[in-house]
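# Observations on chain architecture
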Amino acid sequence: MDRVALSGLKARGYHGVFPKEREEGQTFIVDLVLGLDTRPAAADDDLAKTVHYGIVAEEVVAVVEGEPVNLIETLAERIAQACLKHEGVQEVEVRVHKPDAPITVPFDDVTVTIIRSRV
């Protein structure tokens, strides 16, 4: 399976279990790896035979900016399902970063990574 990756998609969302997170929001960063067969697109040099990563990026940002959820695990699942709606995408790896998570000790990042497939 071939891979198309998008890294560092940024959007402001209002996800989290604490009231401050829901009220003020924060930046979430999403990395994606889409698994698909790119050979038909490459053979014909045809965008219609692969995944349009620009559209995927817009849809992922819309999910992050959309309905708030408590957990970034839930957010990752929603993003994965949006990606799998694209016909050629057979598998997706989603990593959601929450660099401003409300943690009381110094840290660089919090991430959740999930892998989902059509099977």
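Scroll up for the structure.
Conventions and cut-offs
- Residues numbered from 1 in each chain as written.
- Predicted model: local features only at pLDDT ≥ 70, side-chain atom pairs only at ≥ 80, totals over all residues.
- Heavy atoms only, no water.
- Buried < 20%, exposed > 50% of the residue type's maximum accessible area, 1.4 Å probe, protein only.
- Helix = DSSP H or I, 4+ residues; strand = E, 2+ residues; numbered from the N terminus.
- Pairing = 2+ DSSP bridges.
- Expected span 1.5 Å × (residues − 1).
- Arc of directions from axis to C-beta.
- Contact = heavy atoms within 4.5 Å.
- Axes fitted to C-alpha atoms, helices over the stretch in contact; angles between N-to-C directions.

## Overview of the pairing of strand 2 (residues 26-36)
- The element strand 2 is extensively covered by neighbouring structure, given that nine of its eleven residues are classed as buried.
- Where strand 1 (residues 2-13) lies against strand 2, ten bridges are found, and the strand directions are antiparallel. Among the inter-strand pairings, L6 is bridged to a residue of strand 2, identified as L32.
- Bridge count for strand 2 against strand 3 (residues 91-97) is seven bridges, and the pairing is antiparallel. Within strand 3, the position partnered with L32 by the bridge is V94.

## As for helix 3 (residues 53-65)
- An ideal rise of 1.5 Å per residue puts 18 Å on 13 residues; helix 3 measures up with 18 Å between its terminal C-alpha atoms.
- Within helix 3, the full set of buried residues consists of V56, A57, V60, V63 and V64. Across the axial projection of helix 3, the buried residues extend over an arc of 120 degrees, all falling on one side.
- Tucked inside the fold, the buried residues of helix 3 contact strand 1, strand 2 and helix 4 (72-84).

## Brief notes about the sheet that holds strand 4 (residues 111-117)
- With respect to topology, four strands assemble into an open sheet ordered 1-2-3-4, the strand pairing being antiparallel. Each end of this open sheet is capped by a strand with a single partner; those strands are strand 1 and strand 4. Neighbour to neighbour, the strand axes of the sheet diverge by 15 degrees on average, direction disregarded.
- This element, helix 3, spans strand 1 and strand 2 of the sheet and lies at about 35 degrees to strand 1.
- Across the sheet, helix 4 is in contact with strand 2, strand 3 and strand 4; its angle to strand 3 comes to roughly 145 degrees.

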